[in-house]
Amino acid sequence: MEEKKKYIIENVGHLYFKKGIRAVTMDTVAAEFGISKKTLYQYFTDKKDLVNQVIEFFIDESGKTFKELDNTNAIDSILFIRKHVAFIYKFYNNGIEKDLKKYYPELFKKINEVKRERIFTSTIDNLKLGMAQDLYRTDLDPYLIAKLQVGRMLYTMNPDYGIFEEYEVNSLAFFDSMMDYHMNAICTDKGIKYYKKQLNKVQYEETN
C-alpha cells in the first residue's frame, strides 16, 4: 500500500475512535491532512469506501498483533493486550460502534464475527500456552473458558445489553477488574504471583 494512503487510513481510524464515524466527513479528512478532496478521491471512491478500507486495515493490523503473541509468556500476552486497551481508552468514543451498527451494518457484522473468532481462538491458544508453562491450572477446559470469554467481551461488557452502564465498560479500572476475575480463576500460585507483579509494574509505569 502506498505510504500516503496508509497514513491517511491509519489516522482516519484514530479520528473515528475520537469522534465517531458520522462526524468525520470527507471534508473533515481533507482539512485534517491538508489535501484536496480531489486527491482524497484518488484513493477512495466515497466515504463508504473510506470507512470500509479503514476497518479492513485495522482488522488486518489487530490480526498481526495477535500472531505476535503466539510464543511469548502467556501472562505477558494478556498484559500486552491490556496495554493496548489502555491506549484505546485514552481517546475511545463509543459512537464508532453505534455508527457502524446504524450506517454500515455489514461492516458491523463482519467486525463482530472477527472479534468472536479471535477472542475464542486466542483464549484457547493462551490457555494451552499458560498450562504448558505452569502458569495456569492444568485442570481447565480451554473451550469452555474461551466461550465464557466471548460472552464476557461481546455481551457482558456491551452496554447495549444493560448489564453494565457505558461509563463502567469504558473504564480501565473496570477492564482490570474483569481481567483479575479471569486471571484469579485460571492461574496457578506461580502464575498469580507473576501476574500481580507484572500488573503492578504496568500500572506503576502508567501513573509515573
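Residues numbered from 1 in each chain as written. Predicted model: local features only at pLDDT ≥ 70, side-chain atom pairs only at ≥ 80, totals over all residues. Heavy atoms only, no water.

### A look at the overall build of the protein
Line of reasoning, step 1. Within the protein one finds eleven helices and zero strands.
Line of reasoning, step 2. Along the chain direction, N to C, the helices and strands of the protein fall in the order α-α-α-α-α-α-α-α-α-α-α.
Line of reasoning, step 3. Overall, the C-alpha framework of the protein stretches about 60 × 35 × 35 Å when taken along its three principal axes.
Line of reasoning, step 4. Buried positions account for 41% of the 208 residues belonging to the protein.
Line of reasoning, step 5. In the protein, of all internal contacts separated by at least 6 residues, the share reaching a separation of at least 24 is 68%.
Line of reasoning, step 6. Counting every atom, the protein has about 12200 Å² of accessible surface; 53% of that belongs to carbon and sulfur. (Helix = DSSP H or I, 4+ residues; strand = E, 2+ residues; numbered from the N terminus. Buried < 20%, exposed > 50% of the residue type's maximum accessible area, 1.4 Å probe, protein only. Contact = heavy atoms within 4.5 Å. Areas by Shrake-Rupley, 256 points an atom, 1.4 Å probe, with all protein chains shown as cover.)

### Concerning the side chain of N126
Line of reasoning, step 1. Tracing the sequence through the fold places N126 in helix α7 (residues 105-132).
Line of reasoning, step 2. For N126, the contacting residues outside a window of four places in its chain are A74, S77, I78 and Y136.

### Overview of the nonpolar core
Line of reasoning, step 1. Residues I8, Y16 and L100 are the most contacted members of the largest nonpolar core, which totals 28 residues.
Line of reasoning, step 2. Breaking this core down by element, the ones donating at least two residues are α1 (3-19), α2 (26-32), α3 (37-43), α4 (47-68), α6 (95-103) and α7.
Line of reasoning, step 3. When sequence neighbours within four positions are dropped, the list of residues in contact with Y16 reads I21, V24, L50, V51, V54 and I96.
Line of reasoning, step 4. Judged by nonpolar contacts, the second largest core, of 23 residues, contains I78, L127, F174 and L199. (Core = buried A, V, L, I, M, F, W, Y, C linked by side-chain atoms within 4.5 Å.)

Remember, this is a structural readout, not a statement about activity or role.
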